Amino acid sequence: MSLALFEQYESEVRGYIRSFPTTFATSQGAEIWDEDGKRYIDFFAGAGALNYGHNNPIINEAVIKYLQNNGIGHALDMATVAKREFIQTFVNNILKPRKLDYKLQFVGPTGTNAVETALKIARKVKKRTQVMSFTNGFHGMSMGALSITGNSYYHDDNYGVPANTTQVPYHNYLGEKVNTIAYLRKILEDDSSGTELPAAIVMETIQAEGGINVAGDKWLRAMRRICDDFDILLVIDDIQIGNGRSGDFFSFERAGIEADIVTLSKSIGAGHPMSLVLLKPELDKWTPGEHSGTFRGNNLAFVASQTAISHYWSDNTFSLGLKGKSKLVEKIMLGLGKKYAEHINEVRGYGMIWGAEFNDAELASKICRLSFENGLVIETAGSEGQVIKFLGPLIISEALIAEGFDILDKAISTALAA
Ligand SMILES: *Cc1c(COP(=O)(O)O)cnc(C)c1O
């Protein structure tokens, strides 16, 4: 079937439909079928919203049962049984085993909402307007989140967006030899740097949309120290890299640091819209109702999330399995990097997110197009879309990983032969 109806009525802002031009109908795990019955392997996982896979049977069963029992669907921020069970499970399975102490703030169901909330509370608590973020960082599409997002493609001067924010260089932004920590410390120390003391530093520990840039553990610990030394709040945006993507539930666990504020969305709702901000208790300076939002109480998401967290995060089995699986992805990606060394500058990644940076963004986009024709959903990332990104659901089997990468490998050789 053609996409004529979408083209006629849906705004030009359409994005992914252009990369994946078919009409999808059904899905299961790490596979999707379009309405003509063509099968695709999913290396994209809804941009990280489907870590537990499409139509995960355990999650679907709980949601269906909840609906059949007329469980509360929408409840603003009123108390519900589903919300209580979510909170209890999140505290018991996620926070307590990691000795983390956070208050939970439920916000409107998109990631950008969590980021806005983090900016607002950080500025309120610290009584400072300045916020720092990083080159190539991505934090969402609403005004506050955009103001700390690097990529100028999303900016338009008419938005008046970059107010009260400073972008500083991420780890290795200037190559391995330039110490970006020393630079940051210097501009914070120096009264003549022209840089105001920020309320918060907002970062991803692995920049996903920005091209799979992995901050080193030491760099992350140094950033934590800077925040402590200058009384700055560390906000970790774990919207894409949290929920197991890095191999641990939180992406910062590998560095042994804690964030003052954590934003979670995408897979926190286990396939359903949900967004959550974690705050150190002393930062919870909101007055009742001061920050609100109609869809903070998507109880279907609470049921889905509670089910996923009970099932996958009651011990470390899932996390250990992920670490094994990610070794396979790493091995295949590095192999592709070697095989096509003339065209791939670098292969980077961690856990279940990997990227191959091509020296030609056109080529990367052509490879994704060819992959799609041959049954693989895979996207690019990076400032110019030069990085091909593996972001399969965490529950993907090793067989589907191998099959998907086979399609990718063939697409690369076809693109190069043309
Ligand atoms: C996707 C994403 C967001 C924005 O989430 P939306 O649900 O699209 O608003 C923010 N930060 C990071 C790191 C993301 O990957």
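Residues numbered from 1 in each chain as written. Predicted model: local features only at pLDDT ≥ 70, side-chain atom pairs only at ≥ 80, totals over all residues. Heavy atoms only, no water.

(A) Summary view of the overall build of the protein. If you tally the helices and strands in the protein, you get 13 helices and 17 strands. For the protein, the spread of C-alpha atoms along the three principal axes comes to 60 × 55 × 45 Å. For the protein, buried positions account for 53% of its 418 residues. For the protein, the proportion of contacts with a sequence separation of at least 24, taken over those separated by at least 6, is 73%. Split by element, the accessible area of the protein, about 18,700 Å² in all, is 52% carbon and sulfur. Counting 41 positive and 49 negative side-chain charges, the protein places the averaged centre of each group 6 Å from the other. (Helix = DSSP H or I, 4+ residues; strand = E, 2+ residues; numbered from the N terminus. Buried < 20%, exposed > 50% of the residue type's maximum accessible area, 1.4 Å probe, protein only. Contact = heavy atoms within 4.5 Å. Areas by Shrake-Rupley, 256 points an atom, 1.4 Å probe, with all protein chains shown as cover. Lys, Arg positive; Asp, Glu negative; His and termini not counted. Charge placed at Lys NZ, Arg CZ, Asp CG, Glu CD.)

(B) Main features of the pairing of strand 12 (residues 275–279). In terms of residue burial, strand 12 counts as a mostly covered element, since five of its five residues are buried. Side chains Ser 275, Val 277 and Leu 279 of strand 12 all project onto a buried face; the interleaved residues Leu 276 and Leu 278 project onto the opposite face, where all are buried too. Here five bridges tie strand 4 (residues 103–107) to strand 12, and the two strands are oriented antiparallel to one another. Across the sheet, Lys 103 pairs through a bridge with Leu 279, a residue of strand 12. One ladder, built from four bridges, connects strand 11 (residues 261–264) with strand 12; its direction is antiparallel. Pairing of Ile 261 across the sheet is with Leu 279, part of strand 12. (Pairing = 2+ DSSP bridges.)

(C) Region of interest: the site of the ligand. Every residue lining the ligand is accounted for by Thr 110, Gly 111, Thr 112, Phe 138, His 139, Gly 140, Glu 204, Asp 237, Ile 239, Gln 240 and Lys 266. Within the backbone of Gly 111, an N or O atom sits 2.8 Å from an oxygen atom of the ligand. When isolated, the ligand has an accessible area of 380 Å², and the protein chains bury 83% of it. Of the residues in the shell around the ligand, the class split is two nonpolar, six polar and three charged. (Near = heavy atom within 4 Å. Polar contact = N/O pair within 3.5 Å; in protein donor to acceptor, adjacent residues only side chain to side chain. Nonpolar A, V, L, I, M, F, W, Y, C, P; charged D, E, K, R; others polar.)

(D) Structural detail: the sheet that holds strand 16 (residues 379–381). Ordered in space as 13-14-17-16, the four strands form an open sheet in which the pairing is antiparallel. Either end of the sheet is taken by a strand with one partner, and the two such strands are strand 13 (344–350) and strand 16. Across the sheet, the mean angle from the axis of one strand to that of its neighbour is 30 degrees, orientation sign disregarded. Bridge analysis of strand 16 against strand 17 (residues 387–390) gives three bridges, and the strand direction is antiparallel. Bridge pairing links Ala 381 to Val 387 in strand 17. With respect to the sheet, helix 11 (residues 317–339) is in contact with strand 13, strand 14 (353–358) and strand 17, its orientation differing from that of strand 14 by roughly 5 degrees. (Axes fitted to C-alpha atoms, helices over the stretch in contact; angles between N-to-C directions.)

(E) Spatial organisation of the nonpolar core. Residues Phe 90 and Phe 250 are the most contacted members of the largest nonpolar core, which totals 88 residues. For this core, the element with the most residues is helix 13 (residues 398–417), which contributes eight residues. Of the domains in this structure, domain 1 (4–56 + 316–417) and domain 2 (60–312) are the two that each give at least three residues to this core. With residues up to four places along the chain from it excluded, the contact list for Phe 250 reads Phe 90, Ile 94, Leu 95, Arg 98, Leu 100, Asp 238, Val 262, Leu 264 and Leu 278. (Core = buried A, V, L, I, M, F, W, Y, C linked by side-chain atoms within 4.5 Å. Domains from an automatic or database assignment.)

(F) Summary view of the sheet that holds strand 12. Strand order in the open sheet formed by seven strands is 4-12-11-10-7-5-6, and the pairing between neighbours is mixed. The two strands at the open ends of the sheet, each matched to only one other strand, are strand 4 and strand 6 (165–168). Averaged over all pairs of adjacent strands, the angle between strand axes in this sheet comes to 20 degrees, irrespective of strand direction.

(G) Main features of the domain arrangement of the protein. Along its sequence, the protein is carved into domain 1 (4–56 + 316–417) and domain 2 (60–312). Here domain 1 and domain 2 have C-alpha centroids that lie 25 Å from each other. Each side of the interface is counted separately: domain 1 has 31 residues, and domain 2 has 28 residues. Summed over the shared surface of domain 1 and domain 2, the number is two salt bridges. Across the pair Asp 248 and Lys 323 runs a salt bridge whose closest N-O atoms are separated by 2.8 Å. Counting only elements with at least two residues in the side of domain 1 that touches domain 2, the list comes to helix 3 (45–48), helix 11, strand 13, strand 14 and strand 17. (Salt bridge = Lys/Arg side-chain N within 4 Å of Asp/Glu carboxyl O.)

(H) Examining helix 10 (residues 299–312) more closely. Look at helix 10: 20 Å from first C-alpha to last across 14 residues, which is about the 20 Å you get at 1.5 Å a residue. Burial of helix 10 is extensive: 11 of the 14 residues sit out of reach of the surface. Asn 299, Ala 301, Phe 302, Val 303, Ala 304, Ser 305, Gln 306, Thr 307, Ala 308, Ile 309 and Tyr 312 are the residues of helix 10 that are buried. Turning to helix 10, the residues buried within the fold contact helix 4 (57–68), helix 5 (81–95), strand 4 and helix 11. (Expected span 1.5 Å × (residues − 1).)

(I) Up close: the side chain of Ser 133. Inspection of the secondary structure assignment puts Ser 133 in strand 5 (residues 131–134). For Ser 133, a relative accessible area of 0% gives the class buried. Separated by 2.8 Å, the side chains of Ser 133 and Gln 167 make a polar contact. Beyond its immediate chain neighbours, meaning those up to four positions away, Ser 133 contacts Ile 148, Thr 166, Gln 167, Val 168 and Val 202.

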